[in-house]
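Fold and contact review
Read off the chains here:
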Amino acid sequence: MSAPTITSAVFDAVTDWSQPLLTYYDHASGERTELSGATLGNWAAKSANFFVDELGLGPDDEILVDLPEHWQTAAILLGAWWAGTHVRLPGSDVDGSTLGAVVTSADRLSRYDDADEVLVASLDPFAMGVRDLPIGVTDFASAVRVHGDQYSVYNRVTGPALDGAPTDGVLAAARAAAGTDGIVAGTRVLTVRPWHTGDQVVGNLLAPLVVGASLVSVSHADESRLGGLVDTERAELTLR
């Protein structure tokens, strides 16, 4: 039987919850954040619980996620899928009548002046909150922190999961992309590829995770530092 959500498939593939699952680097800011399967799972669960319990979102609702690559972005995406919502990325054909929330960064707020529910992710290495947000805009990091770090899926989600594609289709595409890149369970994958669009999220974020690999994602990559990073992170496969 296929997984009820994309997030279920990702965590079903984890064999050692204490080991790094997602390590995020930003060579421009100097950030390095490493999340084990347990830690990423906790943040995803907090996000899912927030979407369901505080916003009342579910399979009939859409969440637009307009964020750059970051470990918080991954947790928010996984949380939204766990909650059963339909994730939309910028550039997709969003149906405003079913748009339950927009999750974005402070520097992109002006794009969503007309949205009813806007959440700002801090993209801080330690998930600190954002100060001085406009009235009516929610600081996601502060709001999500109080929610439970466990989440259970009770019913199979049958609606679209990502930009109109169903869960099974997204998972099939992610596994196919992993096969094309030679990613198998247990592989430590270092990637400098972006994940801004639906295809990029499937191929560059989800593909390693759904087959049981771990991911080192590097933003604003400095080519002169990548060789050392491969050694430091013991990466067995580098994707450019």
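You'll find the structure just up there.
A brief structural summary. (Residues numbered from 1 in each chain as written. Predicted model: local features only at pLDDT ≥ 70, side-chain atom pairs only at ≥ 80, totals over all residues. Heavy atoms only, no water.)

Given 3.6 residues to a turn, an α-helix orients residues that are three or four positions apart in the same direction. Its 12 residues place the ends of helix 3 (residues 71–82) 16 Å apart at the C-alpha level, agreeing with the 16 Å of an ideal helix rising 1.5 Å per residue. The element helix 3 is largely enclosed, with a buried count of 12 among its 12 residues. Buried within helix 3 we find Trp71, Gln72, Thr73, Ala74, Ala75, Ile76, Leu77, Leu78, Gly79, Ala80, Trp81 and Trp82. Gly84 occupies a position one or two residues after helix 3 and carries a positive phi of about 85 degrees. (Helix = DSSP H or I, 4+ residues; strand = E, 2+ residues; numbered from the N terminus. Expected span 1.5 Å × (residues − 1). Buried < 20%, exposed > 50% of the residue type's maximum accessible area, 1.4 Å probe, protein only.)

Next up on the list: the sheet that holds strand 12 (residues 237–239). Ordered by their spatial adjacency, 5 strands build an open sheet running 2-1-11-10-12, and the pairing between neighbours is mixed. The open sheet has two edge strands with one neighbour each: strand 2 (31–36) and strand 12. Between one strand and the next, the sheet's axes are offset by a mean angle of 15 degrees, whatever the strand orientation. Both strand 10 (residues 188–191) and strand 12 contribute to a ladder of 3 bridges, which runs parallel. Note on strand 12: the bridge partner recorded for Val189 is Leu237. Of the strands in this sheet, strand 1 (20–26) and strand 2 are in contact with helix 2 (residues 37–54), which crosses strand 2 at around 90 degrees. Its contacts with the sheet put helix 6 (residues 198–210) on strand 1, strand 10 and strand 11 (214–219), and the angle it makes with strand 11 is roughly 160 degrees. (Pairing = 2+ DSSP bridges. Axes fitted to C-alpha atoms, helices over the stretch in contact; angles between N-to-C directions. Contact = heavy atoms within 4.5 Å.)

Put simply, helix 2 and helix 3 touch, their axes get as near as 7 Å, and they point 55 degrees apart. It follows from the interaxial angle that helix 2 and helix 3 lie oblique. The crossing of helix 2 and helix 3 is right-handed. Judged by residue contacts, Leu40, Gly41, Trp43, Ala44, Ala45, Ser47, Ala48 and Phe51 of helix 2 engage Trp71, Ala75, Ile76, Leu78, Gly79, Ala80 and Trp82 from helix 3. (Parallel < 35°, antiparallel > 145°, perpendicular 65-115°, else oblique. Left-handed = near helix turned anticlockwise from the far one by under 90°.)

All chains considered together, the criterion is met by 7 aromatic pairs. With 5.4 Å between their ring centres and 85 degrees between their planes, Phe50 and Phe140 make a pair best called edge-to-face. On the criterion of sequence distance, the pair formed by Phe50 in helix 2 and Phe140 in helix 4 (residues 140–145) is long-range, its members being 90 residues apart. Taking the relative accessible area as the measure of exposure, Phe50 reaches 1% and is therefore buried. Ring plane angle 55 degrees and centroid distance 5.6 Å describe the contact between Trp82 and Tyr151, whose orientation is recorded as tilted. Of this pair, Trp82 sits in helix 3 while Tyr151 sits in the loop between helix 4 and strand 8 (160–162), placing them 69 residues apart in sequence. Per residue, the accessibility class of Trp82 equals that of Tyr151, and both read buried. (Phe/Tyr/Trp six-rings, centres within 6.5 Å; stacked < 30°, edge-to-face > 60°.)

Here we come to the pattern of salt bridges. Counted according to the given criterion, the structure contains 8 salt bridges. Where Glu233 meets Arg32, a salt bridge forms, and the shortest distance between an N and an O atom there is 3.0 Å. Taken as a pair, Glu233 in the loop between helix 7 (223–232) and strand 12 and Arg32 in strand 2 lie far apart in primary sequence, 201 residues in all. Arg32 sits in the partly exposed class, given a relative accessible area of 40%. Residues Glu233 and Arg188 are paired through a salt bridge, measuring 2.7 Å at the closest nitrogen-oxygen approach. In this pair, Glu233 is assigned in the loop between helix 7 and strand 12 and Arg188 in strand 10, connecting sequence segments 45 residues apart. A residue is classified by how much of its surface remains accessible, and Glu233, at 7% relative accessible area, is buried. Look at Arg188 and you get buried, because its relative accessible area is 9%. Three or more residues are tied together by salt bridges with common partners; here these are Arg32, Glu34, Arg188 and Glu233. (Salt bridge = Lys/Arg side-chain N within 4 Å of Asp/Glu carboxyl O.)

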